[in-house]
Every structure is written in C-alpha cells, then in structure tokens.
Amino acid sequence: MSDLTLSAGERGVIRLFALDMRPEEAKFLREPGAADQVLGVSGLDPQQIDVFPVSDLEDLGLHGYLSEGCGVSEDQLDRARLEAVDGWVLVLRSAALGGRAATLIPDPRLRLVGLYTEEATNWSGGPLETESARPYSAPRVPPRQQRARAQRLGATIFAVVMAVIIGGVLWLIL
C-alpha cells in the first residue's frame, strides 16, 4: 500500500504534508473543497483536515502536536525531521474520506512529511471470573415481595400527586 492510498474503512491514520506555497494560498485551503483540489480527491470532510502554520504551535511543535494532540506514539516520530518542517502544514486524517477508498494525487506544492497511526484503545480483556459476573447470579426476589414493593411505590407516587393537586387547589382558593 502506498502512503497516498487510503483503503476503504481506514481509521486512525494521519498524513502530514508540508505546504510549499504562499501563506494566502495555504489559508485558502481551510475553505470547504479547497483541500480536495490540492489533494486530488473529492468529498473530503473539512472537519478532518487541519491547515496551519507550524509557528502557531510555538513550544509544542509538530512533535508535541502529533504525540499529545493526535495520540501518535513516540516510536513513530522523528523529532529532527519534524523540527525541520517550517511554514504551513496540512494534516489529513483518514476519517476525512468517511471510510471510502481513494488514492491521493497531491499538488506538486505538497510534500508528504509522514504517515502516522493513532494509538488505538485495546478493548480486549480476559474472562471475568467473579461470582457476580455469572448469569443468573443475582439473588432472586420472591414474586410476593416484588409485588408488595411495586404496590408501595405506586401508593407513594399516588400520594405525592394527590398532595400536589390538593395544594394547587387550596392555593387557587386562597
């Protein structure tokens, strides 16, 4: 797979491009549809594309932006390479295509700096071995006790509603 090919259903991949263009042109890429033109693909979600000057990151830098802001692991980042990038950048998340497959055909003024993957949450876990995790392990309440509890709850709600109604009527009378 090429770095410029997005497979269908791709998730958690970030592509960082350095922009070799005037600031006015780079700012224009924030407009809907403009990034589509320079990346050579249509239908991108502008919410999944960031265009900004590296100087806006101040002390954080691209390294911090990717590691702390985007969740990219340290072992994927080359600090020296990222510090060498200046000017404007375009960050494209794979979610920008909404799960569609595409091949990017970037404008010659865009240079791919890197392809990074966000750390995914590991949702796997071992089996639960506690007694409370077993099916039907909760204590069974006898039907008479359940019925009595339901009747008490219903009587309480009825009493509260009646008290509100009687209070409202007395307030209107007085």
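Scroll up a little and you will see the structure.
Heads up: these notes are all about the structure in this document. (Residues numbered from 1 in each chain as written. Predicted model: local features only at pLDDT ≥ 70, side-chain atom pairs only at ≥ 80, totals over all residues. Heavy atoms only, no water.)

Points about the overall build of the protein chain
Thinking step 1. Secondary structure summary: the protein chain contains 5 helices and 6 strands in total.
Thinking step 2. From first element to last, N terminus to C terminus, the protein chain shows the α and β order β-β-α-α-β-α-α-β-β-β-α.
Thinking step 3. Taken against the 2.2 N^0.38 rule, which gives 16 Å for 174 residues, the C-alpha radius of gyration of the protein chain at 29 Å runs more than 25% over that of a compact globule.
Thinking step 4. The principal-axis extents of the C-alpha atoms in the protein chain amount to approximately 75 × 60 × 35 Å.
Thinking step 5. Within the protein chain, the fraction of its 174 residues that count as buried is 30%.
Thinking step 6. Sequence separation of 24 or more characterises 80% of the internal contacts of the protein chain that already satisfy a separation of 6 or more.
Thinking step 7. Within the structure as shown, the protein chain displays about 12000 Å² of accessible surface, and the carbon and sulfur contribution to it stands at 56%.
Thinking step 8. Across the protein chain, the centroid of the 17 positively charged side chains sits 17 Å from that of the 23 negatively charged ones. (Helix = DSSP H or I, 4+ residues; strand = E, 2+ residues; numbered from the N terminus. Rg over C-alpha atoms; globule rule 2.2 N^0.38 Å. Buried < 20%, exposed > 50% of the residue type's maximum accessible area, 1.4 Å probe, protein only. Contact = heavy atoms within 4.5 Å. Areas by Shrake-Rupley, 256 points an atom, 1.4 Å probe, with all protein chains shown as cover. Lys, Arg positive; Asp, Glu negative; His and termini not counted. Charge placed at Lys NZ, Arg CZ, Asp CG, Glu CD.)

What to know about the environment of Ser 137
Thinking step 1. The residue Ser 137 is located in the loop between β6 (110–117) and α5 (143–173) in this model.
Thinking step 2. Note: C-alpha distance between Ser 137 and Arg 147 (10 residues apart in sequence) is 21 Å.
Thinking step 3. In contact with Ser 137, other than residues within four places in its own chain, are Glu 131 and Ser 132.

A short note on the pattern of salt bridges
Thinking step 1. Tallied over the full model, the rule gives 6 salt bridges.
Thinking step 2. The shortest N-O distance in the salt bridge between Glu 10 and Arg 15 comes to 2.9 Å.
Thinking step 3. For Arg 15, a relative accessible area of 0% translates into the label buried.
Thinking step 4. Where salt bridges share partners, they join Glu 25, Asp 107 and Arg 109 into one cluster. (Salt bridge = Lys/Arg side-chain N within 4 Å of Asp/Glu carboxyl O.)

Thoughts on helix α3 (residues 61–69)
Thinking step 1. Burial within α3 is extensive, with 7 of its 9 residues counted as buried.
Thinking step 2. Where α3 is concerned, the buried positions are Gly 61, Leu 62, His 63, Gly 64, Tyr 65, Leu 66 and Ser 67.
Thinking step 3. Each element contacted by the buried residues of α3 is listed here: β2 (13–19), β3 (49–53), α4 (79–83), β4 (88–93) and β6.
Thinking step 4. In the segment just after α3, Gly 71 is the residue with positive phi, at about 75°.

Shape is all these values report; function is a separate question.
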